[in-house]
Amino acid sequence: MEGASDGFEVVTSEGSGGEQSPASSQGKAVGEAGDPAEKPLLPEPAGTAQSERGWNQQSPSQNSVLPESTEKGTMTVSMIKDNGTPRKTWPNFENQEYFPGEVIQQDYHMPDVITVRVETGSNSFQEVVVKVERPTYNKPFLGGFRNMSTGVEFHNAGSQTKPKKRPDKGIQLFSRGTQTAVEKNTRQQTRNTTSTQMTKTGLYVSNMTDKLITPGKYFTAEEYHKRRVEAVIVIQKYFRRWHAAYLVQNMKEQRRLRLAREAQEELQKKWEKEEKLRREYKKKLNPKTREDFELLYHDLELWMQEETERINRTLTGGKRKAALCALLEEETELIACIGMHKLSANLENQQKAILHFLGKCAQPRRWKAFDGKITEMDTQNSLRGKELLEIYRSISTKDIPKDERISVLLTLKWTVKEHECKLTEEIVALIDREIDLMSREVKECNLEGLRKRICTLFLQYIKTPEFNPQVAGLIKVPQDPLTLYKNVYFCHSCEKYLPPSEFPIPASSHTIGRCRSCYQLDNEARKREAYFKYRLILEDLRKSEVDYQDDSKIVFLVQLPDMQYLIENIWNCRSALSACSDLYELVMVRWDKQHEWSPWNTILLTKEEADAHLKLCNLQKYY
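Residues numbered from 1 in each chain as written. Predicted model: local features only at pLDDT ≥ 70, side-chain atom pairs only at ≥ 80, totals over all residues. Heavy atoms only, no water.

## Quick look at the overall build of the chain
Working step 1: Secondary structure assignment for the chain yields 15 helices and 14 strands.
Working step 2: In the chain, which comprises 623 residues, the proportion classed as buried is 29%.
Working step 3: Put simply, 56% of the contacts in the chain that link residues at least 6 apart link residues at least 24 apart.
Working step 4: For the chain, the exposed area adds up to about 45000 Å²; of that, 53% sits on carbon and sulfur atoms. (Helix = DSSP H or I, 4+ residues; strand = E, 2+ residues; numbered from the N terminus. Buried < 20%, exposed > 50% of the residue type's maximum accessible area, 1.4 Å probe, protein only. Contact = heavy atoms within 4.5 Å. Areas by Shrake-Rupley, 256 points an atom, 1.4 Å probe, with all protein chains shown as cover.)

Here you go:
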């Protein structure tokens, strides 16, 4: 440029367009009287400034104040249009020599608020308060001029407004271009260094590696696209065939798994039913508990009803009465047989209960540590309980040699002699009598009563807290008789005073009625009902209610007679959907699973139907 030779040099940057700036269009800047021997300046991206001549070229409507950074030798020029004549305002220069014809640069700090005088009419002006916003970023350097005498830089362009901000979407966005750089290597040289030298006179070039290329058949764009379409169709055919085979194979595998699962469920269901029937048959064949004898009496009642109905249907007159009498005698024999089994089972259960009770007396103290391990500690009382348990087992054992029996009796004698009372004296007297009879070669069958009496008195000795302190917390009858009056009830049927645990309380009862023994005796004599199947249904119901974990309470108050009434009288022992009457396959679940179980929020279904019912969300829609 010409202006650069008169005291200014052009400062450019790549892509800034310095030739389009106002300063470049003028050719010279204000104050050009510098030394023509000034050195050129390299571009520096520092601050923003405007050339004086460029400002003088602005339109009259540009009435503004342009703050500029003074950190790197820039200056601020204010323009106020006054009477239609642009007026340049320069800061006061201090500590610098003033040379005519050159621009003097001085540090100047723009205030935060300035006042601008703007012409609003022919002779009217208005002062406008302008708030200066400090730039928070470095402005782009787009080239400009620098005075070679003073070193003042005049930049071509620079934005003084804030950059447009993107709207905040509430999500932190990242550009892929700022995270990863896609690089591509391009070779500028061929693989092999070749030449275009040709054979001529005096020069031989070998053609051994040359290739003869023959052009192929030319085909049009339509033929090219047609070949591509045909290739795509072939690919689609093979893909669809593979996809269809894959779907069929997947469906076959799902079908195989489903059939295997259904077969396994069917086998499990069949096994569970057979197990229940086998359990019921075992209970009837070898009855041990109260529930087992209920099943026997229930089957006896069913057999009696069938026989009575058959006799009434087939016989009349005297033959009918004779058949009924024979049936009654047969029933009496069966009841007696069941009673004998019951007596033997009671003796066996009583012996097991005694050993279980003595085993509790001999257990050591146990507690769980912080790491989950169980710690046991034998105390003086537990050791005493173990000693008495071993003696009782030895005394109650039958068919032992004579010498061992005498040794056991002597051990028992010296054990009970530690305490002097009427009970121990009686036990010692019976022991001496048995030893005397054994020395006289008395048969063992004649000693059974004496030995049972010794066992009974020794068991009474063990249950006395003065002789066995460990038993104090296990006996049902408290030592203080006054405490019995606070928690005991009277049974009007058997006229016994019993604890509350011996009285069943149905959900609809308001008073305490008969005890469990009286209910059992009445059931064996008249009703002969069996609650085994109802108990299984009630147990399954309570387990399912525990899994809900919604603090259900009503189901734990329902007793077996209540469950029997619901199943027989309300649901008629049948499923509500399939009318299945096998109680081993029926379960009772909630009608609306959002509310706790209750007699008015229940339904009787099979297990498969119950699983499907509990999966329903809208009962009114599906039913």
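Here the narrative resumes, following the displayed structure.
## Some words on helix 10 (residues 448–462)
Working step 1: The end-to-end C-alpha distance of helix 10, which contains 15 residues, comes to 21 Å, matching closely the 21 Å that a straight helix rising 1.5 Å per residue would cover.
Working step 2: Those residues of helix 10 not exposed but buried are Leu-450, Arg-451, Ile-454, Cys-455, Leu-457, Phe-458, Leu-459, Tyr-461 and Ile-462.
Working step 3: Lining the buried residues of helix 10 we find helix 6 (317–361), helix 7 (380–396), helix 8 (402–416) and helix 9 (422–439). (Expected span 1.5 Å × (residues − 1).)

## Some remarks on a nonpolar patch on the surface
Working step 1: Together, Phe-239, Trp-242, Tyr-246 and Leu-247 make up an exposed nonpolar region whose accessible area comes to about 460 Å².
Working step 2: Turning to its location among the elements, Phe-239 is positioned in helix 4 (residues 221–285). (Patch = residues over 30% accessible without salt bridge, like charges linked within 9 Å, V, L, I, M, F, W, Y side chains within 5 Å. Salt bridge = Lys/Arg side-chain N within 4 Å of Asp/Glu carboxyl O.)

## Section: helix 12 (residues 532–548)
Working step 1: The first and last C-alpha atoms of helix 12 sit 25 Å apart over 17 residues, in line with the 24 Å expected at 1.5 Å per residue.
Working step 2: Turning to helix 12, its buried residues are Phe-532, Tyr-534, Arg-535, Leu-536, Ile-537, Leu-538, Leu-541 and Glu-545.
Working step 3: At its buried positions, helix 12 is contacted by helix 4, helix 5 (290–314), helix 13 (560–570) and strand 13 (586–590).
Working step 4: Two residues or fewer past helix 12, Gln-549 is found with a positive phi of approximately 55°.

## Quick word on the environment of Glu-434
Working step 1: Within the fold, Glu-434 resides in helix 9.
Working step 2: With a relative accessible area of 0%, Glu-434 lands in the buried category.
Working step 3: Counting along the chain gives 16 residues from Glu-434 to Leu-450, while the straight-line C-alpha distance between them is 7.2 Å.
Working step 4: Once you skip the residues sitting within four places of it in the chain, Glu-434 turns out to touch Arg-405, Leu-409, Leu-450, Arg-451 and Ile-454.
Working step 5: Of the polar contacts made by the side chain of Glu-434, one reaches the side chain of Arg-405; its length is 2.9 Å. (Polar contact = N/O pair within 3.5 Å; in protein donor to acceptor, adjacent residues only side chain to side chain.)

## Quick notes on the nonpolar core
Working step 1: Among the nonpolar cores identified, the biggest contains 31 residues, and Tyr-392, Ile-395, Leu-412, Phe-458 and Tyr-461 are the most heavily contacted of them.
Working step 2: Listed by contribution, the elements that provide at least two residues to this core are helix 6, helix 7, helix 8, helix 9 and helix 10.
Working step 3: Counting residues per element, this core draws most heavily on helix 10, which supplies eight residues.
Working step 4: Aside from chain neighbours lying at most four places away, what touches Leu-412 is Ile-391, Ile-395, Ile-431, Ile-454 and Phe-458. (Core = buried A, V, L, I, M, F, W, Y, C linked by side-chain atoms within 4.5 Å.)

## Considerations on unusual backbone geometry
Working step 1: The phi dihedral of Glu-495 falls on the positive side, at around 55°, and the residue is not glycine.
Working step 2: You can see Glu-495 is positioned in the loop between strand 11 (489–491) and strand 12 (496–498).

## Observations concerning the pairing of strand 14 (residues 602–606)
Working step 1: For strand 14, a buried count of five out of five residues is recorded, marking the element as mostly surrounded by other parts of the structure.
Working step 2: Here strand 14 shows no split at all, with Thr-602, Leu-604 and Thr-606 on one side and Ile-603 and Leu-605 on the other all buried.
Working step 3: Across five bridges, the pairing between strand 13 and strand 14 is antiparallel. Bridge pairing in strand 14 links Leu-586 to Thr-606. (Pairing = 2+ DSSP bridges.)

## What to know about the pattern of salt bridges
Working step 1: What the rule picks out here adds up to 35 salt bridges.
Working step 2: Here Glu-253 ties to Arg-256 by a salt bridge, and the two come within 2.5 Å at their closest N and O atoms. Note that Glu-253 and Arg-256 are positioned in helix 4 at a spacing of three residues, about one turn of the helix.
Working step 3: On the basis of relative accessibility, which here comes to 32%, the residue Glu-253 falls in the partly exposed class.
Working step 4: Between Lys-402 and Glu-441 there is a salt bridge; the shortest N-O distance is 3.2 Å. Of this pair, Lys-402 sits in helix 8 while Glu-441 sits in the loop between helix 9 and helix 10, and the two are 39 residues apart along the sequence.
Working step 5: Where salt bridges share partners, they join Lys-283, Glu-291, Asp-292, Arg-535 and Glu-539 into one cluster.

## Details of empty space enclosed by the protein
Working step 1: Enumeration according to the criterion identifies three cavities of 30 Å³ or more in this entry.
Working step 2: For the largest cavity, the full set of lining residues is Lys-276, Lys-533, Leu-536, Ile-537, Asp-540, Leu-583, Tyr-584, Leu-586, Val-587 and Lys-607.
Working step 3: Listed by contribution, the elements that provide at least two residues to the lining of the largest cavity are helix 12 and strand 13.
Working step 4: Considering each element in turn, the lining of the largest cavity owes the most residues, four residues, to helix 12.
Working step 5: In terms of residue class, the lining of the largest cavity is built from six nonpolar, no polar and four charged. (1 Å grid on protein atoms, 1.4 Å probe; cavity = no way out; pocket = protein on both sides within 12 Å on 5 of 7 lines; lining within 4 Å. Points joined across faces, edges and corners; volume = space filled by probe spheres on them. Nonpolar A, V, L, I, M, F, W, Y, C, P; charged D, E, K, R; others polar.)

## Description of the layout of surface pockets
Working step 1: Approximately 1800 Å³ is the volume attributed to the largest pocket.
Working step 2: When its residues are assigned to classes, the lining of the largest pocket shows 20 nonpolar, 13 polar and 15 charged.

## Some thoughts on the packing of aromatic side chains
Working step 1: Following the criterion strictly, the structure yields nine aromatic pairs and no others.
Working step 2: Between Phe-239 and Trp-242, the aromatic rings sit 5.9 Å apart at their centres with planes inclined by 35°, giving tilted as the arrangement. With a gap of three residues between them, Phe-239 and Trp-242 both fall in helix 4, about one helical turn apart.
Working step 3: Judged by its relative accessible area of 48%, Phe-239 falls in the partly exposed class. (Phe/Tyr/Trp six-rings, centres within 6.5 Å; stacked < 30°, edge-to-face > 60°.)

## Brief notes about the side chain of Arg-451
Working step 1: Assignment of secondary structure puts Arg-451 in helix 10.
Working step 2: Taking the relative accessible area as the measure of exposure, Arg-451 reaches 18% and is therefore buried.
Working step 3: Not counting chain neighbours up to four residues away, the residues in contact with Arg-451 comprise Arg-405, Glu-434, Met-438 and Glu-444.

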